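Observations on the three-dimensional arrangement
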Amino acid sequence: MHKHFIIIGLTLAVIGLPLGVGYAAAPCDSFGAPVVLSLYRLRQQRFLTAVTHWADTVEEIGNGLDVIARGPQPQSTGAAFRLAEQVGQADARLNTLTLPEAPAEYSLLALTMQQTIDTYAYAAEQLLAFYGNNDGQALVEAQASLALVRLALGDLRAGIAGLTYPACREVWRE
């Protein structure tokens, strides 16, 4: 009789565990139907996860540049060089980031990611020109570039959200 309970318990665990994991992790389409997890979907999920992490890192670095660009202007040469050093460090961090390799079907998203990096690099270059030469026009260019890159990051996040499937448990709860 004791073995009977063990067999029933193991059978329920073998049936219940995959169903529980599926309910907790399965993605659903906009109609609430579970999405079949194919190799394509797995590759898509990995790419979107990598892009989200990349975007978070880029945004963190960019926020640092934004704080520097919108902060008070340096009152001494030493202060200007310290700010230029911070900009250089942020630029170096951006240069060490590698773009996640985008599948061919996500070339528009990859283009947005490249534009984001290029615009941040231009903003950093203009900030360095401002701190090195006290060129007011370079500061204006840097601030305008940083405003543009915020829009590009917003587009990138919207693209990620548009390609990401919600979890079935969230869709079915509604």
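Heads up: these notes are all about the structure in this document. (Residues numbered from 1 in each chain as written. Predicted model: local features only at pLDDT ≥ 70, side-chain atom pairs only at ≥ 80, totals over all residues. Heavy atoms only, no water.)

1. Some details on the packing of aromatic side chains
To describe a pair of aromatic rings, you give the distance between the ring centres and the angle between the ring planes. What the rule picks out here adds up to two aromatic pairs. Each ring, one from Phe47 and one from Tyr106, has its centre 5.5 Å from the other, and the planes form 5°; the classification is stacked. Taken together, the residues Phe47 in helix α2 (residues 39-70) and Tyr106 in the loop between α3 (77-96) and α4 (107-133) connect sequence positions 59 residues apart. For Tyr106, a relative accessible area of 6% translates into the label buried. (Phe/Tyr/Trp six-rings, centres within 6.5 Å; stacked < 30°, edge-to-face > 60°. Helix = DSSP H or I, 4+ residues; strand = E, 2+ residues; numbered from the N terminus. Buried < 20%, exposed > 50% of the residue type's maximum accessible area, 1.4 Å probe, protein only.)

2. Some words on the nonpolar core
Counting 34 residues, the largest nonpolar core has Leu65, Tyr120, Leu127, Tyr131 and Leu156 as the members making the most contacts within it. Looking at this core, the elements with two or more residues in it are α2, α3, α4 and α5 (136-163). Top contributing element to this core by residue count: α2, with 10 residues. When sequence neighbours within four positions are dropped, the list of residues in contact with Tyr120 reads Val58, Glu59, Gly62, Leu65, Leu94, Leu146, Val149 and Leu153. (Core = buried A, V, L, I, M, F, W, Y, C linked by side-chain atoms within 4.5 Å. Contact = heavy atoms within 4.5 Å.)

3. Notes on the environment of Tyr165
Along the polypeptide, Tyr165 turns up in the loop between α5 and α6 (168-173). A sequence separation of 120 residues divides Tyr165 from Gln45, and the C-alpha atoms of the two residues are 9.0 Å apart.

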